[in-house]
Structures are given as C-alpha cells and as structure tokens.
Amino acid sequence: MLIDSHAHLEMPEFEKDLHDVIQRAMDSEVSAIFTVGTEQKDWTRALEIARSYPNIYAILGVHPHNAKEIEEETYSVLRKLCREEQVKAYGEIGLDFFRDRSPRRVQIERFREQVGLARELRLPIVVHDREAHQETLEVLKSERAEECGGIIHCFSGDESMAKACIAMGFYISISGTITYKNAGQFQEIVRYLPLESLLVETDAPFLAPVPFRGKRNEPSHVRYTARKVAEVKKVSFEKVAEATTGNARRVFKLNDPLSALLSLEREGKGKDKEDL
Ligand SMILES: [Zn+2]
Ligand SMILES: [Zn+2]
C-alpha cells in the first residue's frame, strides 16, 4: 500500500472525472490521498472531497503564490476550517522565488505568520520551497517549526538542507521529478536519505512521473515515484511502500485503518466505503 501525501484533487483538472481518478488510485493500492487546498476558493471543495471519501484527507493553507491575497479575515476562516476532523495538516506554505507570483518580502512575512498559526492549531505543516532553500530554512528555524513538524513537499534542496530539515523532525517528500532524465544529481541525494524520513507524493495534476511526463498527473501514478526511490536506494518496492506509508501515518497522525472503519460504521457512514 502507498499513500499519496500531496495532490490537488479540488483543482478544475479533476472536475469531470474525480470519482474515476480516485477509483484508479484505490485499484492501484493507494490507501490514502491528501488533497491540498492552496487558496481560499479551494478550501471548501477540498474539505468536501475529504468528507465524501473515508481515505481522503485535506490540507489547508495559503500557497506562497497567493500570499499577496491574504486579508485580515483569511486567518479566521482558516482557523475555523482547520478544526475539522478531516484536516490533517496546514499548508502548503513557504517560498517560491522561481515564479515570484507574490513579492518575496510578502511571501516571507506570510510564511512566518502561517507557521505560527499551524503551531497554534497544533497541525504539522506542508512546506513548498522553490529556489528559496536558505530563506525557507531560516523561517523554519526562527519560527520554531520543530514544534509542529511536518513535510518538505516536492523536495528539491541539497543533502545539507535535507539533513537540517530531518534534524528539525521534518519528513522529506519525493515527487515524480525523481523519475526525470535530468534527475541524476537529485537521485544521488535521495540515495543517502534515510527511509525513515521519506514520503512519496504526486502533486497531481502537476509533475507526472515518467512514463506520463507532460500529461495530467493523478494519485495512482505515485507508484512510479516509489519504484524509482526503491531503485535508487537499491531496496525493494515493498520496503519503500511500507516505510513511506508508515511515515505518512505518523506525520498526519492517522488512526489505525480498522478503528477508522469501525467508527465510520458507528456513524452510519459505512455506505461511503462501498461506493469506492
Ligand atoms: Zn508546492
Ligand atoms: Zn502542491
């Protein structure tokens, strides 16, 4: 079994065939999917999807691209939504100095505030860092991110950054980029990262792994990434699946699947399960 620790099922790319996409993931032994609502207009939809399927959970926050749109009421909306049972982490938050869709100064300020909010909500954070490794580390350290812990998603830093994040109790999530032709250097880094600190993700609909590169990505493709991780680390696929799934369960504090099923039955929601 695998867990897709990061996808965007609420995005318009999945509007037409979401149920099929989820069905394919379940048929491919994906036992849980975490869908990330990156801006206010997406939060309700992400939660709605999480409420409709017992093995889909939501992550809510404001992406660095949208940092400039944060207003006074944004955080009070988040404070309320993040108390829902289906919300398992806060994010994705961080810095994107590649696209620079919000001014860097604003990105840093909003990143700081949101680490603080996640600590208040006692949720782990999901961090987006693109070409801002040093600045990301600085914020994580100065805002005491080790108190909430979390995940560096779609990791693209070097070995020393990975080590610094792991030392703060963070997990490193590997996306389909590890399957790309030019990923040799990145594969070298992953080879030496401890399995106990790794997760796998799709970031669907983006970053489809080979052999789907360039097409719409979806959670069932997470196995191609896990396979590549196994190959570069020279361990079995099963070992990667077991480790990354266990790690995801730990960081997101998921209950044991049997007890979750029993509680669903008690609530009379057993039907949802059959639909899958
Ligand atoms: Zn991201
Ligand atoms: Zn994402």
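So, here's what we can say about the structure. Nothing here was measured: the structure is a model prediction, and the numbers come from that model.

Thoughts on the coordination of the zinc ion (ligand 2)
For the zinc ion (ligand 2), the protein coordination sphere consists of His6 (NE2), His8 (NE2), Glu92 (OE) and Asp203 (OD), at 2.1 to 2.4 Å. Around the zinc ion (ligand 2) sit 4 donor atoms; with metal-centred angles ranging over 83 to 176°, the donor geometry is irregular. Within one chain, the residues donating to the zinc ion (ligand 2) are spaced in sequence as H-x1-H-x83-E-x110-D. A separation of 3.4 Å is found between the zinc ion (ligand 2) and the zinc ion (ligand 1), both of which receive a donor from Glu92. One end of the pair, His8, is in the loop between β1 (2-7) and α1 (18-27); the other, Glu92, is in strand β4 (residues 87-96), with 84 residues separating them in the sequence. Note on accessibility: His8 and Glu92 belong to one class, buried.

With respect to the state of the cysteines
Inspection of the entire model under this criterion finds 0 disulfides. Here Cys154 stays free of any disulfide, with the sulfur of Cys165 as its closest cysteine sulfur at 14 Å. Here Cys154 falls in the buried class, since its relative accessible area comes to 16%. Looking at the unpaired Cys165, the closest cysteine sulfur is the one in Cys148, lying at 12 Å. Cys165 gets classed as buried once you look at its relative accessible area, which sits at 0%.

Some points on the environment of Leu117
Position of Leu117 relative to the elements: it lies in helix α4 (residues 104-121). With a relative accessible area of 4%, Leu117 lands in the buried category. When neighbours within four sequence positions are excluded, Leu117 is seen to be in contact with Tyr75, Leu78, Arg79 and Tyr90.

Concerning the pairing of strand β3 (residues 56-60)
Burial within β3 is extensive, with 5 of its 5 residues counted as buried. Pairing of strand β2 (residues 30-37) with β3 involves 5 bridges; the strand directions are parallel. Within β3, the residue paired with Thr35 across the bridge is Ala58. Bridge count for β3 against β4 is 3 bridges, and the pairing is parallel. If you follow Ala58 over to β4, its bridge partner there is Val87.

So, the pairing of β4
A large share of β4 lies buried, amounting to 10 of its 10 residues. Taken together, the 6 bridges between β4 and strand β5 (residues 125-130) define a ladder with parallel strand orientation. Paired with Tyr90 across the strands is Ile125, a residue of β5. In the classification by handedness, the crossover that spans β4, the intervening α4 and the parallel β5 is right-handed.

Thresholds applied
- Residues numbered from 1 in each chain as written.
- Chains lettered and ligands numbered in written order.
- Predicted model: local features only at pLDDT ≥ 70, side-chain atom pairs only at ≥ 80, totals over all residues.
- Heavy atoms only, no water.
- Donors = N, O, S within 2.8 Å, 3.2 Å for Na, K, Ca; no water.
- Tetrahedral: all angles 85-135°; square planar, octahedral: opposite > 155°, others 65-115°.
- Helix = DSSP H or I, 4+ residues; strand = E, 2+ residues; numbered from the N terminus.
- Buried < 20%, exposed > 50% of the residue type's maximum accessible area, 1.4 Å probe, protein only.
- Disulfide = S-S within 2.5 Å.
- Contact = heavy atoms within 4.5 Å.
- Pairing = 2+ DSSP bridges.
- Right-handed = clockwise from strand over helix to strand, strands pointing away.

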